[in-house]
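For reference, the chains in residue letters:
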Amino acid sequence: MNEKILVTGGTGYIGSHTTVELQKAGYEVVIIDNLSNSNIEVLDGIEKITGIRPVFVKGDCTDIETLRKLFRENPGIKGIINFAASKAVGESVQKPLLYYRNNLNTLINLLECMPEYGVKGIVFSSSCTVYGEPDVNPIDETAPIKPATSPYGNTKQISEEIITDYIRSGAPIKSILLRYFNPIGAHPSACIGELPLGVPQNLVPYLTQTAAGIRKELTVFGDDYNTPDGSCIRDYIDVVDLAKAHVIAMRRMLDGEDTDSIEIFNLGTGRGLSVLELINSFERATGVKVPHKIGPRREGDIEQIWADPKKANEVLGWTAEVPVDDTMRNAWAWQCKVCGK
Ligand code: UD1
């Protein structure tokens, strides 16, 4: 096999885990990353796990000539997995143009290069944010798309539309849009994981940093929601499970003879967990207490959302497998490694 895959944003959190799974499946990986939210040592972690160092290009996908040079110098790339994007919801409200420029120009450049260099398929990282606050849970792929509540969320919706329109226009490519729920955890080897810059905005890195004593206490954003324990509910999915779905999606696009040119899948466990349940899971799995207090609701938060992953289960033959306690243990092992515990 040894087909060549371009992973944009490949030194980032989900990109690095996906690179590992692609290599384990026999694919050759070329990474492009501008290192704006990751560092070069991630390549050492990948190599430690798989024994293979991916080809690395430091560059920005918003510059199409950088991409063309990459495709010329690495001929035979058959597929792209696009993780190169900005992802902080709050920052996107402050700096909308940065988000539209990064996320949309990158995608448009990649799509434009695909026919030029014979690239057959692109996997796109979308988000359950496109569903907004669901009318029913679990939510499947046929649910309506709701107006985005942040520029970040809007870039995901617009990106899905750009890809759809391009394929409808007759472009000779395939695409699979993966709508992630909440990816958490780290590789069980603790060689790679999430490396948030500054104060983490997402729950699990904040939680593990609090357990490590870097943060004083975790604030649970609201306990007066209409949920069994009053805290918000999400579908937390292990990052390695998530990474494996990308390999299956890529294989489907490259090898599937009669699959649709564009397909959409939810990637979640099908199980909703509240913030308080997740804290309990962490404490149970690691034996480490997480100092926490209840605070006010966070503006823009969705009350509850979890996936109906049946389509991915049946069509892709993919199911989330890692129990959440194991995921929390892996997140903790990674946190301990990062802070030298
Ligand atoms: C958010 C985005 C989602 C995006 C993802 C990227 C929204 C509505 N969703 O997901 O589109 O793809 O980030 O990373 O903005 N929480 C606390 N205390 C904390 C941090 C979080 O209680 O210190 C709670 C939140 O209220 C939420 C849950 O933990 O209920 C998960 O929060 P987070 O990890 O930030 O993810 P989302 O907001 O679900």
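Think of each chain on its own: its residues are numbered from 1, step by step along the sequence as written. Totals for whole chains, interfaces and linings use every residue, but because this is a predicted model, local features are given only for residues with pLDDT of at least 70 and side-chain atom pairs only at 80 or more, for both listing and counting. The side-chain numbers reported here are obtained from all heavy atoms of the structure, hydrogens and water having been left aside.

What to know about the sheet that holds strand 4 (residues 77–82)
Step number 1: Two strands qualify as a pair provided DSSP detects at least 2 bridges between them. What counts as a helix is a DSSP run of H or I of at least four residues, what counts as a strand is a run of E of at least two, and both are numbered from the N terminus. Strand order in this open sheet of seven strands is 3-2-1-4-5-6-11, and the pairing throughout is parallel. The open sheet terminates on both sides in strands that have one partner only, identified here as strand 3 (55–58) and strand 11 (262–267). Adjacent strand axes in the sheet meet at a mean angle of 20° when their direction is disregarded.
Step number 2: With seven bridges joining them, strand 5 (residues 121–127) and strand 6 (residues 174–180) adopt parallel strand pairing. Each bridged residue has a counterpart across the sheet, and for Gly121 the counterpart in strand 6 is Lys174.
Step number 3: Seen against the sheet, helix 3 (residues 64–73) touches strand 1 (4–8), strand 2 (28–33), strand 3 and strand 4 and runs at an angle of roughly 160° to strand 2. Inter-axis angles, ranging from 0 to 180 degrees, are taken between N-to-C directions of lines fitted to C-alpha atoms, where helices are fitted over the stretch in contact. Note on definitions: a residue-residue contact is assigned when non-hydrogen atoms from the two residues lie within 4.5 Å.

Some thoughts on the site of the ligand
Step number 1: Lining the immediate surroundings of the ligand are 19 residues, of which Leu203, Thr219, Arg234, Arg298 and Asp301 lie closest.
Step number 2: For this analysis, a polar contact is any N or O atom pair within 3.5 Å, provided that within protein one partner can donate a hydrogen and the other can accept it, and provided that sequence-adjacent residues contribute only side-chain to side-chain pairs. A distance of 2.9 Å is found between an oxygen atom of the ligand and a backbone nitrogen or oxygen belonging to Leu203.
Step number 3: One of the side-chain nitrogen or oxygen atoms of Asp301 is found 2.5 Å away from an oxygen atom of the ligand.
Step number 4: Accessible surface is estimated by sampling points in the Shrake-Rupley manner with a 1.4 Å probe; for residues, cover comes only from the protein chains shown. Alone, the ligand offers 750 Å² of accessible surface; in the complex the protein occludes 88% of this.
Step number 5: In terms of residue count, strand 8 (residues 218–221) provides more of the shell around the ligand than any other element does, four residues in total.
Step number 6: Just so you know the grouping, Ala, Val, Leu, Ile, Met, Phe, Trp, Tyr, Cys and Pro go in nonpolar, Asp, Glu, Lys and Arg go in charged, and all remaining residues, Gly too, go in polar. Across the shell around the ligand, the residue classes break down as nine nonpolar, seven polar and three charged.
Step number 7: For the domains described, the bounds stem from an automatic or database domain assignment. Counting the residues that make up the shell around the ligand, at least three belong to each of domain 1 (4–184 + 238–267) and domain 2 (203–234 + 270–336). Any residue with a non-hydrogen atom lying within 4 Å of a molecule or strand is treated as near it.

Focus on empty space enclosed by the protein
To locate leftover empty space, one rolls a probe as large as a water molecule over the atoms.
Step number 1: Cavities and pockets are defined on a 1 Å grid built over the protein atoms alone: a cavity is a set of grid points where a 1.4 Å probe fits but cannot escape, while a pocket is an open set with protein on both sides within 12 Å along at least five of seven lines, and lining residues are those with an atom within 4 Å of any such point. Grid points are joined across faces, edges and corners, and a volume is the space filled by probe spheres set on the points. The final tally for this structure, using the stated rule, is one cavity of 30 Å³ or more.
Step number 2: Approximately 50 Å³ is the volume found for the largest cavity.
Step number 3: Lining the largest cavity, in full, are Asn82, Ala84, Ala85, Asn103, Phe124, Ser125, Lys156 and Ser159.
Step number 4: Elements with a contribution of two residues or more to the lining of the largest cavity: strand 5 and helix 6 (151–168).
Step number 5: A breakdown of the residues in the lining of the largest cavity according to their chemical character gives three nonpolar, four polar and one charged.

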